[in-house]
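# What the coordinates show
Each chain, letter by letter, is given below.
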Amino acid sequence: MRRRPYAYLYEQMVRRELRQKYKGSVLGVAYYLVNPLVLTAAYALMFTYVLRFDRVEDYPLFLLIGIAVWLFFSQSLLAAAGSLIDQAALVRKVRFPREIVPAAVVSTQFVIFVVLIVLLLPVVLIVRGTLGAQLLLLPVVLGALGVFVLGLALGVSILHAYFRDVAPILGAALLPWFFVTPIFFRPTDFPGQAANPWLSDVLRWGNPIAPFIEAVRDVLYEGRVPGSGTLIYVAVAAGLALVCGRALFRRMERELAVVL
Amino acid sequence: MSAAAPGEVVLEGASRAFVVRADPARTLKELFIGRRGSEASGPPPIHALRDVTLRVGRGEALGIMGRNGAGKTSTLRVLTGIVPLDSGSAECGGRIVSLLEVGAGFGRDFSGRENIHLNGALHGLNRAEVEEKVERIVAFSELGDFIDVPVRTYSSGMFVRLGFAIAAHLDADVMLIDEVLAVGDEAFQRKCLARIEELMAGGMTLVLVSHDAGTIENVCARVVVLDEGRVAFDGPTADALAHYRRLLDDHEGSTVRG
């Protein structure tokens, strides 16, 4: 018995996903990089010139890092939600490890996300002068983020196969979630923070994606090693999401071919 | 994972019921509100398989016949392992390859060649193993230049040709075929049957569902007749065909009289 008999299937699915994504759009893969840039430009203009928010230096870079993490998180979950239904023809035909389907979707998004970060890296390093040993933590933090999103995606995909209102509910939740996530602002620095110090703790720790954004931002933008609290949170959240997502998936996948 | 030896097929006391609903999936809303109108008023569950026990040895060809809704397709779906049983056990030893629906397992926007790779990968093959087989599959399918065209442009006959060509070259220990061959033209059907015999000589086990007595007689020495989810007959093909015809006559008689 070979060790990873379905590695080729996984590879095929990621390739298909990548090809299907950019096929039919003039800009090709670049489209996925344009999206965060356009969003960043729009928010940077809005906050800098309209709302006169000037508490953060190099604000577009600060924004872009948060938006990149957020887009990877939200796009992965939305794409994973429908993934098993999209691949129903395969799921109903052959017995293969079904985790591969949402995993391939998340991997595709992860590839796009990492490409964006790599392209961004020289700009951030030059503008912010953050070339340093803390960058060694970048792969670790990005890896933890990938695992965290994979765990959630497993759960979301299997839930949506059985309960078809999971994706619309998720879609509706992501928009307000976006605005309470520290993407535009630092959770420790916003108007009225002094009067309600507890609020920054809620924003930092009550939202599981916030510490990931903080960690990536610390490494790239601030040029420092993230606090140990953040690092522990990130590691635990990733492990917990994967263990729970897998357990849920395994528990519910039995009847999958029947409900699809 | 499976206790059955490669090429062995074992069903023991297999039962499976399906709840029939217009939309098989529920919503969270229904879960939390705790009721759904359609379930109470919908038809009762269909007992697709009731206590089915059968055993097929390596290299044997078993035909399955029965009226519509007798449980033929359910038997195959249970054997592939994609539909779990309510009780009893189903085991197929080794690599199972199935041809259940025309065009199942194909990505419509991808070429025939890409779908060969996908199908190989779905059965756990790696790139080298697939590549080693691709040219033989393409040749067998007789699709010519169409092999590099997206399969959404294929006719159902072309789907079956490609589907069978792939299935016939995946080194299956057990092959499950549901009716689909009937879609191909006669020449291709003959070619398929010849290939099946070749594979069986190499030790492959075949479970074939068909309404066509001619095909069954050609390929299978033994036939199981299913009726309302139960094994009504299990034995030599000639006797099974006679039993099947009686079953059809009885049914016709009862509906005419009833």
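The structure under discussion appears in the preceding block.
These numbers come from a predicted model, not from an experiment. (Residues numbered from 1 in each chain as written. Chains lettered and ligands numbered in written order. Predicted model: local features only at pLDDT ≥ 70, side-chain atom pairs only at ≥ 80, totals over all residues. Heavy atoms only, no water.)

### Observations regarding the interface of chain A and chain B
Contacts between chain A and chain B engage 33 residues on the former and 39 residues on the latter. Between chain A and chain B, the buried area comes to about 3,200 Å², and carbon and sulfur atoms account for 55% of it. Our enumeration of links across chain A and chain B arrives at seven residue pairs in polar contact (both at pLDDT 80 or more). At eight residues, helix α1 (residues 7-22) of chain A tops the list of elements feeding residues into the side of chain A that touches chain B. (Contact = heavy atoms within 4.5 Å. Buried area = accessible area lost by both parts, 1.4 Å probe. Polar contact = N/O pair within 3.5 Å; in protein donor to acceptor, adjacent residues only side chain to side chain. Helix = DSSP H or I, 4+ residues; strand = E, 2+ residues; numbered from the N terminus.)

### Some thoughts on empty space enclosed by the protein
Taken as a whole, this structure holds one cavity of 30 Å³ or more when the rule is applied. Empty space within the largest cavity amounts to approximately 120 Å³. In terms of lining, the largest cavity is formed by 19 residues, of which the most central are K93(A), L99(B), A104(B), F106(B) and G163(B). Every element with two or more residues in the lining of the largest cavity is listed here: β5 (96-99) and α6 (156-167) of chain B. A total of five residues in the lining of the largest cavity trace back to one element, the largest contributor, which is α6(B). Of the residues that constitute the lining of the largest cavity, the class distribution is 12 nonpolar, five polar and two charged. (1 Å grid on protein atoms, 1.4 Å probe; cavity = no way out; pocket = protein on both sides within 12 Å on 5 of 7 lines; lining within 4 Å. Points joined across faces, edges and corners; volume = space filled by probe spheres on them. Nonpolar A, V, L, I, M, F, W, Y, C, P; charged D, E, K, R; others polar.)

### A few points about the sheet that holds strand β2 (residues 46-56) of chain B
All names here are of chain B. Within the open sheet, the three strands sit side by side as β2-β1-β4. Their pairing is antiparallel. A single partner strand is all that each edge strand has here, and the edge strands are β2 and β4 (87-92). In this sheet, neighbouring strand axes are inclined to one another by 25 degrees on average, regardless of whether the strands run parallel or antiparallel. Pairing between strand β1 (residues 9-18) and β4: five bridges, direction antiparallel. Within β4, the residue paired with V9 across the bridge is C92. Across the sheet, helix α3 (residues 72-80) lies against β1, β2 and β4, angled at about 115 degrees from β1, the strand it touches most. (Pairing = 2+ DSSP bridges. Axes fitted to C-alpha atoms, helices over the stretch in contact; angles between N-to-C directions.)

### Here we look at α3(B)
Residues and elements named next belong to chain B. Along α3, eight of the nine residues are buried, which leaves the element largely enclosed by surrounding structure. Listed in full, the buried residues belonging to α3 are K72, S74, T75, L76, R77, V78, L79 and T80. Trailing α3 by a residue or two, G81 shows a phi angle of about 85 degrees, which is positive. (Buried < 20%, exposed > 50% of the residue type's maximum accessible area, 1.4 Å probe, protein only.)

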